[in-house]
Amino acid sequence: MDKLKMSHEQTEKALKKCALMSLTPIEAPEIDIVPEYFSYKNRTVEVLKKQIDWAYSKVKNKTPDSPIGKVIISRRGIRDSLFKGTNIYKASLYPIIDTLIESSILIYQNIDDEGEQQFILSNKYSRAGKNAFVSIIIKVDNEGNKYYSHTILQEKNNRKAQGSSENQNIAQKLHPVVNNILQKILDVNLKSISSPTDSSPS
């Protein structure tokens, strides 16, 4: 990778970090709103159904706007999210997931292993006076519909996010690539990046 390309990538990351830092955090509910069955180690089909029903019932707007257009929050998307893994901290964000999507910024897009287009949105939330970031994966189906897939939690400025109380290893377990994308953006040293002379997209 040549120096010009590296400089451009660092500048892009710096701009995204500035955008993330300037976001107004969305106030997250207290953890105690989450039913105890989200903590069960052995999750049966019945327990998964209860989790899906609870999460879906807490989403106020099932078709929120986003930086990439309208997003569909369906039971299938929530099931995909919960089936891949959850904890009480992740579950506690369902009451604000639509708001998080609406005021998020786009930090990455690619084609996933299943050949589907994938967008990664990020936002900031606050709980008990402490700010943290969340990444939200949006997938596009064959008909062009954008649907919520799942969220990855990432503590602010914490290189060992997998050990944090809100993560409980979920970020590394579910999608280490997404976790790394957000972490690399947050790790950019803004002082080491000179102001771009042309900030238009290449």
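Here, every reference points to the structure presented above.
Keep in mind the model is a prediction, meaning the values are calculated, not measured.

A. Here's a closer look at the pairing of strand β2 (residues 105-111). For β2 and strand β3 (residues 117-127), the ladder comprises six bridges, and the chain directions are antiparallel. Within β3, the residue paired with I111 across the bridge is Q117. Here β2 hands over to β3 after five residues, with G115 in that stretch at a positive phi of 80°.

B. Unusual backbone geometry, seen in detail. Positive phi values are uncommon outside glycine, yet A128 reaches one of about 55°. Relative to the elements of secondary structure, A128 occurs in the loop between β3 and β4 (130-140).

C. Structural context of the pattern of salt bridges. With the rule as written, the count across this model stands at three salt bridges. When the shortest N-O distance is used, the salt bridge between D53 and R75 registers 2.8 Å. Here D53, found in helix α2 (residues 45-58), pairs with R75, found in helix α3 (residues 75-84); they are 22 residues apart in sequence, far enough to count as distant. Exposure remark for D53: the relative accessible area of 28% places this residue in the partly exposed category. Overall, R75 belongs to the partly exposed group, its relative accessible area being 42%. Between K70 and D65 there is a salt bridge, and its shortest N-O distance comes to 3.2 Å. Take D65: its relative accessible area is 43%, and that puts it in the partly exposed class.

About the cut-offs
Residues numbered from 1 in each chain as written. Predicted model: local features only at pLDDT ≥ 70, side-chain atom pairs only at ≥ 80, totals over all residues. Heavy atoms only, no water. Pairing = 2+ DSSP bridges. Helix = DSSP H or I, 4+ residues; strand = E, 2+ residues; numbered from the N terminus. Salt bridge = Lys/Arg side-chain N within 4 Å of Asp/Glu carboxyl O. Buried < 20%, exposed > 50% of the residue type's maximum accessible area, 1.4 Å probe, protein only.

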